[in-house]
Amino acid sequence: MKFFADTADTDAIRELAATGLLDGVTTNPSLIKKAGRDIMDVTREICSIVDGPVSAEVVATDHDEMMREAEVLRKLGDNIAIKVPLTIDGLKTCKKLTGDGTMVNVTLCFSANQALLAAKAGASFISPFVGRHDDVGYPGIELIADIRLIYDNYDFDTEILVASVRNPIHIHDSAKLGADVMTAPPEVIWRMFDHPLTDKGLAAFLKDWEATGQTIG
Ligand code: G3P
């Protein structure tokens, strides 16, 4: 499973990248607003921090303007993935861009039928939002299961990029289903490391080691 950071906070990205576990980054208009920086500057910096895909989202809603914005964004780095919403114009743009060899991440996916359309449009990634499904009482992880089954039925190349991840359980359950990628806020990724028995066990090892009076080297 690839790990993407869902943020435009370059300090947080650098910290995660230092672990060697970070495979890419996703941003969106809300994350750009939260970062409080110019989209071109912050996206260019993110592309210089990670080698993997960096999703930059268009904000136009019509195909022609989406294509124009995509042209501007994809000049920011060879690892740019253009993010488009799951709309008719978004998928028209997806089809055109992937036809020209550009990575496309289709976002705001909330049904398996939408994911099927995105795969037919040649999407590089599909971003189903699990957390927002949970918010309205629908088990978002079931959407991941449905998409995985459908994509495997037809051997689609589109990678399932689980988004709107709110906790490590979303990552755990998505990995069990064989999702290709997950994107999560850095604080959720850091929480994956935590387990009280690991902390307790390490403390016991170090206490016993100290009692031996030995050092290594
Ligand atoms: O990548 C999409 C993600 O940023 C949305 O997360 O928590 O606003 O549903 P959330």
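Just above, that's the structure.
Note that the structure is a prediction, hence the values are computed from the model and not measured.

Focus: the overall build of the chain
Phase 1 of the analysis: The helix and strand inventory of the chain stands at 11 helices and 8 strands.
Phase 2 of the analysis: By the burial criterion, 46% of the 217 residues in the chain qualify as buried.
Phase 3 of the analysis: In the chain, of all internal contacts separated by at least 6 residues, the share reaching a separation of at least 24 is 56%.
Phase 4 of the analysis: For the chain, the exposed surface amounts to about 11300 Å²; the carbon and sulfur share of it is 55%.
Phase 5 of the analysis: Each charge class in the chain can be summarised by its mean position, and for the 21 positive and 33 negative side chains these summaries are 2 Å apart.

Examining the site of the ligand
Phase 1 of the analysis: All residues adjacent to the ligand are Asp6, Asn28, Lys83, Phe129, Arg132, Ala163, Ser164 and Arg166.
Phase 2 of the analysis: In the model, an oxygen atom of the ligand is placed 2.7 Å from a nitrogen or oxygen of the Arg132 side chain.
Phase 3 of the analysis: At a separation of 2.8 Å, an oxygen atom of the ligand approaches a polar side-chain atom of Arg166.
Phase 4 of the analysis: Class assignment of the residues belonging to the shell around the ligand gives a composition of 2 nonpolar, 2 polar and 4 charged.

A look at the nonpolar core
Phase 1 of the analysis: If you look at the biggest cluster of nonpolar residues, it comprises 53 residues, and the most contacted ones within it are Val106 and Ile126.
Phase 2 of the analysis: Among residues more than four places away in sequence, those in contact with Ile126 are Leu86, Asn105, Val106, Cys109, Ala115, Ala118, Tyr151, Thr158, Glu159, Ile160 and Leu161.

A short note on the packing of helix H1 (residues 10-17) against helix H3 (residues 39-49)
Phase 1 of the analysis: Look at H1 against H3: their axes get within 10 Å of each other, and the N-to-C directions meet at 5 degrees. When the axis of H1 is compared with that of H3, the two are roughly parallel. Touching Thr10, Ile13, Arg14 and Ala17 of H1 are Val42, Glu45, Ile46 and Ile49, all from H3.
Phase 2 of the analysis: Residues that form the contact of H1 with H3 fall into these classes: 5 nonpolar, 1 polar and 2 charged.

Concerning the pairing of strand E3 (residues 54-57)
Phase 1 of the analysis: Both faces of E3 are covered, namely the face carrying Val54 and Ala56 and the face carrying Ser55 and Glu57.
Phase 2 of the analysis: Where strand E2 (residues 24-26) and E3 come together, 2 bridges link them in parallel fashion. Its bridge partner lying in E3, Val25 is registered against Val54.
Phase 3 of the analysis: Where E3 lies against strand E4 (residues 80-85), 4 bridges are found, and the strand directions are parallel. Within E4, the residue paired with Ala56 across the bridge is Ile82.
Phase 4 of the analysis: As for the winding sense of the linkage, the β-α-β connection from E3 through helix H4 (residues 63-74) to E4 is right-handed.

Points about the sheet that holds strand E6 (residues 125-128)
Phase 1 of the analysis: Around the barrel, which closes on itself, the 8 strands sit in the order E1-E2-E3-E4-E5-E6-E7-E8 with parallel pairing between neighbours. Here the strands of the sheet are splayed against their neighbours by 30 degrees on average, with no regard to which way each runs.
Phase 2 of the analysis: Pairing analysis gives 3 bridges linking strand E5 (residues 103-109) to E6, with the strands arranged parallel. For Val106, the partnering residue across the bridge sits in E6 and is Ile126.
Phase 3 of the analysis: Helix-sheet contacts for H3 involve E2, E3 and E4, and the interaxial angle to E3 is about 165 degrees.

Parameters and conventions
Residues numbered from 1 in each chain as written. Predicted model: local features only at pLDDT ≥ 70, side-chain atom pairs only at ≥ 80, totals over all residues. Heavy atoms only, no water. Helix = DSSP H or I, 4+ residues; strand = E, 2+ residues; numbered from the N terminus. Buried < 20%, exposed > 50% of the residue type's maximum accessible area, 1.4 Å probe, protein only. Contact = heavy atoms within 4.5 Å. Areas by Shrake-Rupley, 256 points an atom, 1.4 Å probe, with all protein chains shown as cover. Lys, Arg positive; Asp, Glu negative; His and termini not counted. Charge placed at Lys NZ, Arg CZ, Asp CG, Glu CD. Near = heavy atom within 4 Å. Polar contact = N/O pair within 3.5 Å; in protein donor to acceptor, adjacent residues only side chain to side chain. Nonpolar A, V, L, I, M, F, W, Y, C, P; charged D, E, K, R; others polar. Core = buried A, V, L, I, M, F, W, Y, C linked by side-chain atoms within 4.5 Å. Axes fitted to C-alpha atoms, helices over the stretch in contact; angles between N-to-C directions. Parallel < 35°, antiparallel > 145°, perpendicular 65-115°, else oblique. Pairing = 2+ DSSP bridges. Right-handed = clockwise from strand over helix to strand, strands pointing away.

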